[in-house]
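Survey of secondary and tertiary structure
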Amino acid sequence: MLADVKLKVLEELIKNSNHEELIWMNGYLNGIVSNKKELPATPASSTATTAKKITILYGTETGNSKRLATDFAAKARQHQLQTKVVGMDQYRLTDLTKEEYLLAVVSTHGEGEPPAAAKKFYDHIHNNGFKLEGLQYGVLALGDTSYPLFCKTGEDVDQQLNKLGAKRFVPLQKCDVEYDDDANAWFSSVINNLTAIQPAAPTTVTAKPVAATAPAVKKGKQNYTGTVLTKINLNDRGSSKETWHVELDAPGVEYQCGDSIGIVPENEEQLVASIFDIVKADANKSIEFKKETFTLYELLKRKINIVHLTERLVKQYADVTGHEIPAGRADLIELLKKYPVKDVAQFESILVGLNAISPRLYTIASSPNAHSGEVHVVVVKDTFYVEDKKKFGLCSDYISQLSVSSSQNFFVQPNKRFRLPAADKDMIMVGPGTGIAAFRSFLADRDATGAAGKNWLFFGEQHFTTDFLYQTEIQNWYDTGVLNKVSLAFSRDQKEKIYVQHRMLEQGAELFEWLKGGASFFVCGKKHPMSTDVENALLQIIQQYGNKTADEAHAFLHQMELEGRYEKDVY
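Because the structure is a prediction, the values reported are computed rather than measured.

When helices and strands are tallied, the protein shows 19 helices and 21 strands. Looking at the protein residue by residue over its 571 residues, the buried ones come to 47%. Restricting to contacts in the protein with at least 6 residues of sequence separation, those with at least 24 account for 75%. With the model as given, the accessible surface of the protein reaches about 29700 Å², and the carbon-plus-sulfur share is 51%.

Laid out in structure tokens, this is it:
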């Protein structure tokens, strides 16, 4: 109990404080108590919260905001709160209207200006007339009291979010250069407010028993139409590669981590127009192909493959036209230029004998728990040469040219043999290059669901500075404890080439301990030679650190396969 004098002071303070100030005081006192005595953690099952998703944005000049944001995220996850951490410069601004709870940690730069990394977000909330009635938020402002416009950027962000209709669930907290105590007390109030929200008790309803009905079974592949939200080249300037991250908004899409999507590419508009210029055919004329009717334009644009024709199809073209054509592969337009058709009828007979464009499958790089209503893919632009002429893979080139807000059809291809292990089980993931796709999905899901299993990622590419795909996300997952270990192999950054299998061998003893402890081992990426080299390294590790013969090592790995602990998604 408090002495009477202290109690009267406290009652007077409470009487003259508004609701937001009382919330802040509650969190501040909790922070002080927590620092003096560590309290036992509340079991995950004892307190449920309706605040299931928190996004923490940081805008920083020196890195302090980022450090605080990642520390906050790690603490939030200890309270079973799904948390996403992202820099304001990388945040997808269209997501703002979808957020439930938002924390902004932002410093002030120069004469009260936002740091460069926060300017895009700052300008967006000030220059667009949208509303944020469904958003609850809090702002932690970092500054220096020696400057006249102390914490001006944080003040501006706090006030503007409120003007847009968002509701503060914690008051603005301003922090000086010695910010740790104030920041931690503020975040304690954040946690208290979020975990204090209890779900309503379920209403008891007496219902008549009904016969059990089996759920409807969906037959065949599921087709969807998505809208391109984002398209980003993950490689930096100077890279020899283009690796495109594409996000599709597709409400109602259903998939699981480990599945793929199928995309049927279209031929380039200019290429199709050039073919019509050569053959002088009517683009609107209807023609039958595979028992369906299309216009010639639809056929050339969306249905038939007209690039890099196989040797068999080139011979077929020669048989129809009567030309002597050397064996080999060629594009249709090259054949039409060098070995012209006699007339439109002959051209049509060639078209109906060509192959339909086949769908390309890409491992999904998103999680339904972390990216609801969206599906993400990562695609490297395939480049090759034919007679010293640079060419591109049809679908990867098509995807690289998609425009934001355009529509894209796709289907989901389930992969029941490549699934996340149980939430409390450990996993080792080897995904060089675009093989990272599956493990971005896995890690995002484990982050979103608070899975307790440990996670170890092996990633490799050519150069650290230009080819480290999803570097910021991987760093954030490591900083917040989602990733327990990260092993990197950049093959061209030193004289000798180093690949993921070399990193595995370097850490073979620990890797084998994970396997003995029940960890699952996943490989995603190129089949040859990567997956073969990884498996050989894995067998070597099992043999060496498990004290086994070669046959026993193979048997050990085979047993892992039977248990579903060794899975590959390779292409």
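Turning next to the nonpolar core. In terms of nonpolar packing, the biggest core is built from 34 residues, with Leu300, Ile306, Tyr317, Leu332 and Leu351 touching the most fellow members. Breaking this core down by element, the ones donating at least two residues are α7 (269-279), β10 (286-289), α8 (296-303), α9 (311-321), α10 (332-338) and α11 (344-351). Here the element with the most residues in this core is α7; it accounts for five residues.

Inspection of every chain in the model, using the stated rule, returns 19 aromatic pairs. Pairing Phe442 with Phe522 gives two aromatic rings, centres 5.2 Å apart and planes at 85 degrees, and the pair type is edge-to-face. Linking Phe442 in helix α13 (residues 436-449) with Phe522 in strand β20 (residues 520-525), this pair joins segments that are 80 residues apart in sequence. Between Phe464 and Phe468 the ring centres are 5.6 Å apart and the planes differ by 55 degrees, which places this aromatic pair in the tilted class. Each member of the aromatic cluster is reached from another via a ring pair, and the members are Phe418, Phe439, Phe442 and Phe522. Between the NZ or CZ atom of Lys454 and the centre of the ring of Trp514, over which it lies, the distance is 4.5 Å.

Now for the packing of α8 against α11. Interaxial distance between α8 and α11 falls to 12 Å at its minimum, and their mutual angle equals 35 degrees. Here the hand of the crossing between α8 and α11 comes out left-handed. Two secondary-structure elements touch here, α8 through Leu296, Leu299 and Leu300 and α11 through Phe347, Glu348 and Leu351. Residue classes in the contact of α8 with α11 are distributed as five nonpolar, no polar and one charged.

Now for the sheet that holds strand β7 (residues 222-233). One open sheet accounts for six strands, arranged β12-β9-β16-β7-β8-β13; its pairing is antiparallel. In this open sheet, the two strands that pair with only one neighbour each are β12 (360-363) and β13 (374-380). Looking at each pair of strands side by side, their axes are set apart by 40 degrees on average, direction ignored. The pairing of strand β8 (residues 243-249) with β13 spans seven bridges and is classified as antiparallel. In the sheet register, His245 faces β13, and the bridge partner there is Val378.

Enumeration over the complete set of coordinates arrives at one cavity of 30 Å³ or more. Looking at the largest cavity, its volume works out to about 40 Å³. Looking at the largest cavity, the residues that line it are Leu313, Gln316, Tyr317, Val320, Ser349, Ile350 and Leu354. Those elements giving two or more residues to the lining of the largest cavity turn out to be α9 and α11. For the lining of the largest cavity, the element with the highest residue contribution is α9, accounting for four residues. Residue composition of the lining of the largest cavity, grouped by class: five nonpolar, two polar and no charged.

Its boundaries defined by the atoms lining it, the second largest pocket holds a volume of some 1400 Å³. Lining of the second largest pocket is provided by 48 residues; of these, Lys84, Val86, Glu247, Arg440 and Glu473 occupy positions nearest its centre. Contributions of two or more residues to the lining of the second largest pocket are made by β1 (53-59), β2 (82-87), β7, β8, β13, α13, α14 (464-467) and α15 (471-479). Here the residues of the lining of the second largest pocket are counted per class, giving 15 nonpolar, 17 polar and 16 charged.

Let's shift gears to the pattern of salt bridges. Counted by the stated rule, this structure contains 29 salt bridges. The residue Lys98 makes a salt bridge to Asp95 at a minimum N-O spacing of 3.8 Å. Residue Asp95 is classed as buried on the basis of its relative accessible area, which comes to 9%. Measuring nitrogen to oxygen at the nearest pair gives 3.1 Å for the salt bridge that ties Arg503 to Glu506. Highlighted residues: Arg503 and Glu506, both in helix α16 (residues 500-506), separated by three residues, approximately one helical turn.

The sheet built from five strands is open, its strands ordered β19-β18-β17-β20-β21 with parallel pairing. Sheet topology places β19 (485-490) and β21 (566-570) at the edges, where each strand pairs with a single neighbour. Neighbour-to-neighbour, the strand axes of the sheet open up by a mean angle of 10 degrees, direction not taken into account. Pairing between strand β18 (residues 455-461) and β19: six bridges, direction parallel. Paired with Phe459 across the two strands is Leu488, which belongs to β19. Sheet strands in contact with α13 are β17 (427-430), β18 and β20, and its direction is about 150 degrees off that of β17.

What counts and how
Residues numbered from 1 in each chain as written. Predicted model: local features only at pLDDT ≥ 70, side-chain atom pairs only at ≥ 80, totals over all residues. Heavy atoms only, no water. Helix = DSSP H or I, 4+ residues; strand = E, 2+ residues; numbered from the N terminus. Buried < 20%, exposed > 50% of the residue type's maximum accessible area, 1.4 Å probe, protein only. Contact = heavy atoms within 4.5 Å. Areas by Shrake-Rupley, 256 points an atom, 1.4 Å probe, with all protein chains shown as cover. Core = buried A, V, L, I, M, F, W, Y, C linked by side-chain atoms within 4.5 Å. Phe/Tyr/Trp six-rings, centres within 6.5 Å; stacked < 30°, edge-to-face > 60°. Lys NZ or Arg CZ within 6 Å of the ring centre and 35° of its normal. Axes fitted to C-alpha atoms, helices over the stretch in contact; angles between N-to-C directions. Left-handed = near helix turned anticlockwise from the far one by under 90°. Nonpolar A, V, L, I, M, F, W, Y, C, P; charged D, E, K, R; others polar. Pairing = 2+ DSSP bridges. 1 Å grid on protein atoms, 1.4 Å probe; cavity = no way out; pocket = protein on both sides within 12 Å on 5 of 7 lines; lining within 4 Å. Points joined across faces, edges and corners; volume = space filled by probe spheres on them. Salt bridge = Lys/Arg side-chain N within 4 Å of Asp/Glu carboxyl O.

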